[in-house]
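# Structure at a glance
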Amino acid sequence: MKTLLKPGMILVLILLALPSQATISTPVAVPGEWKEMEANRLSNRLLEIKAMDKSSLTAPQKKALRNEVKEIKKVQSSSGGVFLSVGAIIIIVLLLILLL
């Protein structure tokens, strides 16, 4: 009886941890595609600004363009990636060694 109790409990926990699948009737846009489309739009806007004839613009218009370029570059530079420190990598490797 004891030999079946532990694997049975593990099986129940695994089954409870698995997410149930939900069906979606309408297609939903993937967030990755949205990010790519937004990045393309911002890059195109930067190219438009670069190709503009800025000699005919007034000072406030030039300042607004500079601010827009700064904002676009700030958005493009924030990649939102995952950064792991050396300590975190060591801990992950140690946990993998212990668990496997």
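Residues numbered from 1 in each chain as written. Predicted model: local features only at pLDDT ≥ 70, side-chain atom pairs only at ≥ 80, totals over all residues. Heavy atoms only, no water.

### So, the nonpolar core
- With 6 residues, the main nonpolar core is built from Leu42, Leu46, Ile49, Leu65, Val69 and Ile72.
- Not counting the four nearest positions on each side in its chain, isoleucine 49 is found in contact with Lys54, Leu65, Glu68 and Val69. (Core = buried A, V, L, I, M, F, W, Y, C linked by side-chain atoms within 4.5 Å. Buried < 20%, exposed > 50% of the residue type's maximum accessible area, 1.4 Å probe, protein only. Contact = heavy atoms within 4.5 Å.)

### Focus: the pattern of salt bridges
- Tallied over the full model, the rule gives 4 salt bridges.
- Between arginine 41 and glutamate 38 there is a salt bridge whose closest N-O contact spans 2.7 Å. With arginine 41 and glutamate 38 both in helix α2 (residues 31–51) and 3 residues apart, the pair spans about one turn of that helix.
- Each of Arg45, Glu48 and Glu68 takes part in one network of salt bridges that share partners. (Salt bridge = Lys/Arg side-chain N within 4 Å of Asp/Glu carboxyl O. Helix = DSSP H or I, 4+ residues; strand = E, 2+ residues; numbered from the N terminus.)

### Let's talk about the environment of arginine 45
- If you trace the backbone, arginine 45 turns up in helix α2.
- Separated by 24 residues in the primary sequence, arginine 45 and valine 69 have C-alpha atoms spaced 8.8 Å apart.
- When neighbours within four sequence positions are excluded, arginine 45 is seen to be in contact with Met52, Leu65, Glu68 and Ile72.

### With respect to the environment of serine 55
- Note that serine 55 resides in the loop between α2 and α3 (59–77).
- A residue is classified by how much of its surface remains accessible, and serine 55, at 60% relative accessible area, is exposed.
- Among the polar contacts made by the side chain of serine 55, one reaches the side chain of aspartate 53 at a distance of 2.9 Å. (Polar contact = N/O pair within 3.5 Å; in protein donor to acceptor, adjacent residues only side chain to side chain.)

### Re the confidence of the model for the protein chain
- Scored by pLDDT, the protein chain has a mean of 79; 75% of the residues are at 70 or more.
- Averaged pLDDT values over the elements of the protein chain bottom out at 71 in helix α1 (residues 2–17) and peak at 91 in α3. (pLDDT = per-residue confidence, 0-100.)

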